[in-house]
Each structure stands twice: as structure tokens, then as C-alpha cells.
Amino acid sequence: MSDTDWNSNLGGGFGQHGTQDEFFHGTGEPVDSLTETWFWNFHVPQAAINCFAYCWVHPTLKVVTSGLMIYQGFKASHLECELFEFRDFMSMDVIGDGSDIQLPNGLRVQVVTPLEHVRLTFADEQRQTSVDVDIRASGVPIMRANNKHFEQVMHVTGKLVLRGEAHQVDCLAVRDRSWAEPRPENHNPAPPYTWVTGAFGDDFAFNVGSHDDPARNPEWKDVMPAPARIFNDGWVVVNGEQRRVRHASKLTRRRGDRFSPISHDYRFEDEAGDSYHITGELVAQTNWGGWSNMTCHLGLVKWDWNGRTGYGESQEVHWNDYVWKMAQSRSA
């Protein structure tokens, strides 16, 4: 199994969800890298603000990494964020059964109605930052075939105060939930892997996870080999109907110094035979080493699809070989 198989919908189709999937499972092969996660997010696009909130549990090790970051515009480092507040080594007591996650740093996520409504709050007086948002389902969970991972389109409303400046939150965002699979931290000798989401309204949202298509001449093409599998997973929701993406071609433009994404260009087709061409520009960005053997470039994307504007998340992972080889090629 490759390091990115946990990003794939192996077997195809959709799984089945139940209310228990909102809560802590704690199941799976008891290896050290066994992982369970919650990801919540929201944005204020008119102010180029993005929020990334995450809870990452290692049930075998009984350790929790969790917190949130909120950033406005482009940041060269995670510590340039208006707020970065993550704790890496916490007891599993902080998550309980997953119905009321409370961290020592003040982040709290309460399940109001499973798979329908979550409330996220945070307050830090010293940094003049607070969050009070309701995250309500815009659609039902989109479950992978293995019944261990789902995404869900959510409508997020509420208030954000960021370094003393107040903002109203009213956006569509895609959350992510997973359990019972190992996530090894091994080095991966591959080019960047990109996971994106986008929502254009209640009638259309999408998610794609893939590498660049080598046929479209990405900047790494002559520097390192292409992976055996370019496209890992994807879906669209069209007027409430869930469809799997059956193939996708993506090209990302990146900065010349940090190799962070500037824009994405996606062409893909769903299982109903409908084709899509969606382009996006990053309007806010930071990075985070979720674990030490990689860097993840996080960002808010302004998407264009058939003249419509949508917003969503961009998460692109880089490993050592890619960054080192690109740096060597640029200095040659």
C-alpha cells in the first residue's frame, strides 16, 4: 500500500453513513500510525480570511494533535498567521467521545445534532481573537466506499473577531472526517499531491485529490518521475445528487521560491458523463508541517466555473525529494 492510499476511494462508489460516524470510533489495526481526524473550516472571502481547524488522533499511541489557524492573505510561515494555536501532544481526554471536544487552548467543538449541526468556539483575549460559528449541513455526508472517510458540504454562519477586527461569517465550506486507517509518516518520493474543495451554491460542490497531470508539463516533469497513479479520488454534488469523479487532469502553477501554489486548473468528468473545467486563484495561503516529513501549503481558493464564482480549500503536500530536487534544478 502506498503512503497516499488513505486518500483514495479504493473500490469506487459511495459508502453508507450513520449518526455514529460523527463521534470517536477508535477502531482499526492497532499500529502506531492509526489515525482518526476531524477537519472543520470556514472563510470570509471578501477579506481573504481562511480558518483551518483540525483534530488529529493517534488512538494506538493515545495522543491528540489539535488546534486552529486563521490567516488573512499570504503568509510565508505558519507563525505569520493572525492566529496559530496548535498543541501537538495532548491526552485523549480532550476529545472524550467526540461529542464535545475541548482543548486547553480554548478551542471547543460541540455536536448539536450528529451529521447536521456543530458549534465551534474559541477565544484568546491576549490576541484579541474569537470565533463563534455554527456549522450546519448543506447536504448529507459523502462517504468513501470503505466507510472510513467522508466529506460534507456545510453552511457556516456566525462571528469572527481577528486581532480586534470583527467579521461576519456566512459561507459554504467542506468538512472532512476519517478514522480506522494508518497514515504512515514515511518519506514519499513523489511530486506534490493536491486536495481541493469548492462550493458554488447549494446546487454544486466538488472535491478532487490528485497530482499534476504530466501530460500538461508541470514544472517538475523533467526533474522527477510521475507517480504511477495521478488521480486518487473525487466527487461532485449536483443538485443534491452525489457522483464520483472518474478521471481528472490538473495543472498547478507554483511560486519560484517556496513552490507554493498560485493557481489550479482542473478538467474532470463525473460518472454521469458530465465534464467540468474549473480554474482557481489562491487568495490566502500559509503552510504547516502537519508532520515533520512533509510541508502542507494551505489556502483559500477563488474558483471560476462557467462564469460563476465559488470558494474552497486547497491543501497541497510536498515531500523532501520534490523540494530538494526543485531547489537543485533552480540553482543549476
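Residues numbered from 1 in each chain as written. Predicted model: local features only at pLDDT ≥ 70, side-chain atom pairs only at ≥ 80, totals over all residues. Heavy atoms only, no water.

1. Some points on the sheet that holds strand 14 (residues 231-238)
Selection rule: We call two strands paired when DSSP finds no fewer than two bridges between them. Starting at the N terminus, helices and strands are each numbered in turn, a helix being any DSSP run of H or I of at least four residues and a strand any DSSP run of E of at least two. Lines fitted to the C-alpha atoms define the axes, with helices restricted to the stretch that makes contact. Angles between their N-to-C directions range from 0 to 180 degrees. Whether two residues are in contact is decided by their heavy atoms: any pair within 4.5 Å suffices.
With respect to topology, eight strands assemble into a closed barrel ordered 12-13-14-15-16-17-18-19, the strand pairing being antiparallel. Between one strand axis and the next, the sheet turns through 25° on average, direction left out of account. Examined bridge by bridge, strand 18 (residues 294-305) and strand 19 (residues 308-319) share twelve bridges and lie antiparallel to one another. Bridge pairing links C296 to V317 in strand 19. Contacts from helix 1 (residues 320-331) reach strand 15 (241-254) and strand 19, with the element oriented near 90° to strand 19.

2. Considerations on the side chain of R244
Note the threshold: Here a polar contact means two N or O atoms within 3.5 Å. Within protein one must be a hydrogen donor candidate and the other an acceptor candidate, and residues neighboring in sequence count only if both atoms are side-chain atoms.
The topology assignment puts R244 in strand 15. A polar contact is formed between the side chain of R244 and the backbone oxygen of M143, at a distance of 3.2 Å. At 2.8 Å, the side chain of R244 and the side chain of D233 are in polar contact. Every residue in contact with R244, bar those within four places of it in the chain, is listed here: N9, G13, F14, M143, R144, D233, G234, W235, D270 and E271.

3. Concerning the state of the cysteines
Where we set the bar: Two cysteine sulfurs form what is called a disulfide whenever their separation falls within 2.5 Å. Partly exposed describes any residue whose relative accessible area lies between the buried limit of under 20% and the exposed limit of over 50%, with all areas from a 1.4 Å probe on protein chains only and scaled to the type maximum.
Under the defined criterion, the tally for this structure stands at zero disulfides. Residue C51 stays outside any disulfide, its sulfur separated by 9.6 Å from that of C171, the closest cysteine. For C51, a relative accessible area of 1% puts it in the buried group.

4. Some points on the layout of surface pockets
Just so we agree on the cut-off: Cavity and pocket criteria rest on a 1 Å grid covering protein atoms alone: a 1.4 Å probe that fits but cannot get out defines a cavity, protein on both sides within 12 Å along at least 5 of 7 lines defines an open pocket, and an atom within 4 Å of a point defines a lining residue. Grid points are joined across faces, edges and corners, and a volume is the space filled by probe spheres set on the points.
Taken as a whole, the largest pocket spans an internal volume of roughly 320 Å³. As for the largest pocket, its lining consists of 15 residues, of which W56, T65, D88, F89 and G290 are closest to the centre. For the lining of the largest pocket, the secondary-structure elements that each account for two or more residues are strand 2 (49-58), strand 3 (63-72) and strand 4 (83-90). Here the lining of the largest pocket gets four residues from one element, more than from any other, and that element is strand 4.

5. A few points about the packing of aromatic side chains
The condition that has to hold: Paired rings are identified among Phe, Tyr and Trp, the last through its six-membered ring, by centres lying within 6.5 Å, and are further divided according to the angle between planes into stacked (under 30 degrees), edge-to-face (over 60) and tilted (the rest).
For the structure on display, the rule yields 21 aromatic pairs. Ring geometry for F268 versus Y276: centroids 5.2 Å apart, planes at 25°, classification stacked. Comparing F268 with Y276, the two get one shared label, buried. Put simply, the rings of F200, F204, F206, Y266, F268, Y276, W303 and W305 pair up and form one aromatic cluster.

6. Some points on the pairing of strand 7 (residues 117-124)
Across the eight residues that make up strand 7, a large majority, six, are buried. Bridging between strand 6 (residues 108-113) and strand 7 involves five bridges; their strand directions are antiparallel. In the sheet register, V109 faces strand 7, and the bridge partner there is L120. Linking two consecutive strands that pair antiparallel, namely strand 6 and strand 7, is a turn of three residues; a positive phi of about 65° is found at L115 within it. Adjacent in sequence and paired antiparallel, strand 7 and strand 8 (residues 129-137) are bridged by four residues, among which Q128 carries a positive phi angle near 50°.

7. With respect to the side chain of N105
Within the fold, N105 resides in the loop between strand 5 (100-102) and strand 6. At a separation of 3.2 Å, a polar atom in the side chain of N105 contacts the main-chain carbonyl oxygen of E85. Here N105 is in contact with S66, G67, E85, R87, F122 and A123, once residues within four sequence places are set aside.

8. A short note on unusual backbone geometry
Even without a glycine there, the phi angle at Q128 is positive, about 50°. With respect to the element layout, Q128 can be found in the loop between strand 7 and strand 8.

Geometry only, nothing functional implied.
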